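Residues per chain are reported as follows:
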Amino acid sequence: MPTWLAILLVLMAVGVGIGAGIYFQQLREKLVAKEARRTAEGIESEAKAKADRLLKEAELKIKEQEIRNQERFEKEAKQQREKLSRIEQRLEEKEDKVTRKMENLEKRDEELSRHKNRLTQKESLLDDKALKAEKLLEERKTQLEVVAQMTSEEARRTLMDQMVEESKQQAAQHLKVMEEDARDMAEMKAKNIIAQTIQRYAGDYVAEKTVSVISLPNDEMKGRIIGREGRNIRAIEAATGIDLIIDDTPEAIILSGFNPIRREVARMALERLISDGRIHPTRIEEMVQKCEQELEGKIKDFGQQAAMDLGIHGLHPELLKLIGRLRWRTSYTQNVWEHSLEVAYMSGMMASELGISVKQARRAGLLHDIGKALTHEVDGSHALIGAQLAKKYGETPKIVHAIKAHHEEEKPETVLAVIVQAADSLSGARPGARKEILESYIKRLSDLENIARGFDGVDKSYAIQAGRELRVIVESRKVNDADAVILSNEIAKKVEEDLTYPGQIKVVVIRETRATGVAH
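This one's a predicted model, so the numbers in the text were calculated from it and none came from an experiment.

**Student:** What is the right way to read the overall build of the chain from this model?
**Tutor:** Helix and strand counts for the chain stand at 14 helices and eight strands. Put simply, the chain has 520 residues, and 28% of those count as buried. A separation of at least 24 residues holds for 60% of the contacts in the chain among residues at least 6 apart in sequence. Entry remark: accessible area of the chain is about 36,300 Å², with carbon and sulfur atoms responsible for 54%.

What follows is the structure, given as structure tokens:
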């Protein structure tokens, strides 16, 4: 075979091999590209499915959150509505009370007017009768002068001479008896003078009330004390028997009740619940029971302290317990425990001057109001109740008699009884010991309103805040703004001149103009 033919064949073989390699390489690249496209399409479809799933989950979560937000909003709105409803109810109750008070005052004014008219009529009748009586007396005098043939002056002198003579005879007869009685009474009168001198003693006084105010850390605590649907406040009132007054006063609530022991238990329990922070019915009952036990211990301590301070020994434990209870008892706003100690000290001072047993006097003075510890539970006078208690627990007849006689339930028959009676009167009647009674308080408010009504242009006047503020409503057509300022000062000056009162009284003059239009 020629060489060139062999070379040609080799070249052809090489060309065929190269072409085949190129073909297979292109075929392989096409297969790889096809496989890559399939993989990319699978990844893309998987990503789309995952994105759809995540989108749906996000939408579900958003809807659930919206539902929860709506439920929470409705719950809060319901609570606010309930709170507003309670506030509205309290406001209505207060408005009813004010209306009733206004009606009572108006009725009282009408009664006073009728009474005044009746008195005026009676006064006129009495004047007429007095004139008739004088005329009749003159006629009788004239008739007597004619019958006796004496003038009225001569008859008067004769009668006076006879009376003087009779008086001299009677004085002579009773002179000896009076001298004997004077000797017997001299010692007693001297003792009375000493007792009256000792009665000049004056000490501090303690004023109590029927309400207690508790300070709160913040106004949110009021909601916690009320509790859900008022369950906490009902639990407190049921456990203590004391009313809780929760109003708009910032950071404060009021405990109201006439039983001072229960009010003190409620105050102690509520302060501890506020400090602890856990406020629910079960915890409230536990805390009230614990405070009752602690207060029972305090009552015993106060009884023992009083006996120890006065140097009195041998008192029955039950009497000591009753004396301790007086620490939370008031009479006309005067603390009975403090009052009993004061009476005991003054009785001892009097007994020392009069030469009788100081210990007996202090003992009788300390126990004289012991019946007031049970007056809420037992019917009858506190003096009689106290005497029965003293007799029951082994006190001597002198002590029992002094307790019973200190308010004239029994006539005082011993010097000890007289001393206790005098000391009790001094402690209760001295200046500042007790506050004014209800009748004088109401009269002062009425006088305050009447002073304002006496001025020209005044339409209405109201004494509020326990008489510390006088609100005067004037007629806008008669009183202008400048006159209102002058009127307030004139009323204040008149109040200062005519009334006696503690503290200050603010006079507020209100002038109002109203315009009314009607749309048809």
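**Student:** Explain the packing of aromatic side chains here, please?
**Tutor:** Describing an aromatic ring pair means giving the distance of the ring centres and the angle of the ring planes. Applying the stated rule across the entire model yields one aromatic pair. Where Phe302 meets Trp337, the ring centres are 5.3 Å apart and the plane angle is 80°; that geometry is what we call edge-to-face. Highlighted residues: Phe302 in helix H6 (residues 281–310) and Trp337 in helix H8 (residues 336–354), separated in sequence by 35 residues. In this structure Trp337 comes out as buried when scored by relative accessible area, which is 6%.

**Student:** So what exactly am I meant to see when it comes to the environment of Arg278 here?
**Tutor:** With respect to the element layout, Arg278 can be found in the loop between helix H5 (260–276) and H6. Sequence-wise, Arg278 and Arg224 are 54 residues apart; in three dimensions their C-alpha atoms are separated by 9.2 Å.

**Student:** Is there a simple way to explain the sheet that holds strand E8 (residues 506–511) in this structure?
**Tutor:** Picture the strands of a sheet paired through backbone hydrogen bonds; they go either parallel or antiparallel. Reading across the sheet, the three strands line up as E6-E7-E8 and stay open at both edges, with mixed pairing between neighbours. Edge strands, defined here as strands with exactly one partner in the open sheet, are strand E6 (458–464) and E8. The average angle at which neighbouring strand axes cross in this sheet is 20°, direction not considered. The sheet contacts of helix H14 (residues 481–498) involve E6, strand E7 (469–474) and E8, and relative to E8 the element is tilted by about 155°.

**Student:** Please explain the environment of Arg511 as it appears in this structure.
**Tutor:** With respect to the helices and strands, the residue Arg511 is situated in strand E8. Accessibility expressed as a relative area gives 31% for Arg511, which makes it partly exposed. Along the chain, Arg511 and Asn480 lie 31 residues apart, while their C-alpha atoms are 7.7 Å from each other. A polar side-chain atom of Arg511 sits 3.1 Å from a polar atom in the side chain of Asp481.

**Student:** What am I meant to see in the packing of H5 against H6 here?
**Tutor:** A pair of packed helices is characterised by two quantities: the angle between their axes and the separation of those axes. Running from amino to carboxyl end, H5 crosses H6 at an angle of 125°, the nearest separation of the two axes being 9 Å. When the axes of H5 and H6 are compared, the pair comes out oblique. Our pair here, H5 against H6, has a crossing hand that is right-handed. Facing H5, whose interface residues are Ile261, Glu264, Val265, Met268, Ala269, Arg272, Leu273 and Asp276, H6 presents Arg283, Ile284, Met287, Val288, Lys290, Cys291, Glu292, Glu294, Leu295, Lys298 and Ile299.

**Student:** Would you mind showing me how to read a positive patch on the surface here?
**Tutor:** Taken together, the side chains of Lys83, Arg86, Arg90, Lys94, Lys97, Arg100 and Lys101 make up a positively charged region of the molecular surface. Position of Arg90 among the secondary structure elements: in helix H1 (residues 3–148).

**Student:** Please explain the nonpolar core as it appears in this structure.
**Tutor:** Proteins that are soluble and globular tend to have nonpolar side chains buried together. Ranked by internal contacts, the top residues of the largest apolar core, which has 39 residues, are Leu315, Ile323, Leu366 and Leu416. When residues of this core are traced back to their parent elements, those giving at least two are H6, helix H7 (317–325), H8, helix H9 (358–367), helix H10 (382–392), helix H11 (397–405) and helix H12 (415–429). A per-element tally of this core places H8 first, with seven residues. The contacts of Ile323, once residues within four sequence positions are left out, are Gly303, Ala306, Leu315, Trp337, Leu366, Leu367 and Ile370. In this structure, Leu216, Ala266, Met268 and Trp328 belong to the second largest nonpolar core, which totals 29 residues.

About the criteria used
Residues numbered from 1 in each chain as written. Predicted model: local features only at pLDDT ≥ 70, side-chain atom pairs only at ≥ 80, totals over all residues. Heavy atoms only, no water. Helix = DSSP H or I, 4+ residues; strand = E, 2+ residues; numbered from the N terminus. Buried < 20%, exposed > 50% of the residue type's maximum accessible area, 1.4 Å probe, protein only. Contact = heavy atoms within 4.5 Å. Areas by Shrake-Rupley, 256 points an atom, 1.4 Å probe, with all protein chains shown as cover. Phe/Tyr/Trp six-rings, centres within 6.5 Å; stacked < 30°, edge-to-face > 60°. Pairing = 2+ DSSP bridges. Axes fitted to C-alpha atoms, helices over the stretch in contact; angles between N-to-C directions. Polar contact = N/O pair within 3.5 Å; in protein donor to acceptor, adjacent residues only side chain to side chain. Parallel < 35°, antiparallel > 145°, perpendicular 65-115°, else oblique. Left-handed = near helix turned anticlockwise from the far one by under 90°. Patch = residues over 30% accessible without salt bridge, like charges linked within 9 Å, V, L, I, M, F, W, Y side chains within 5 Å. Salt bridge = Lys/Arg side-chain N within 4 Å of Asp/Glu carboxyl O. Lys, Arg positive; Asp, Glu negative; His and termini not counted. Charge placed at Lys NZ, Arg CZ, Asp CG, Glu CD. Core = buried A, V, L, I, M, F, W, Y, C linked by side-chain atoms within 4.5 Å.

The values are spatial; any link to function lies outside them.
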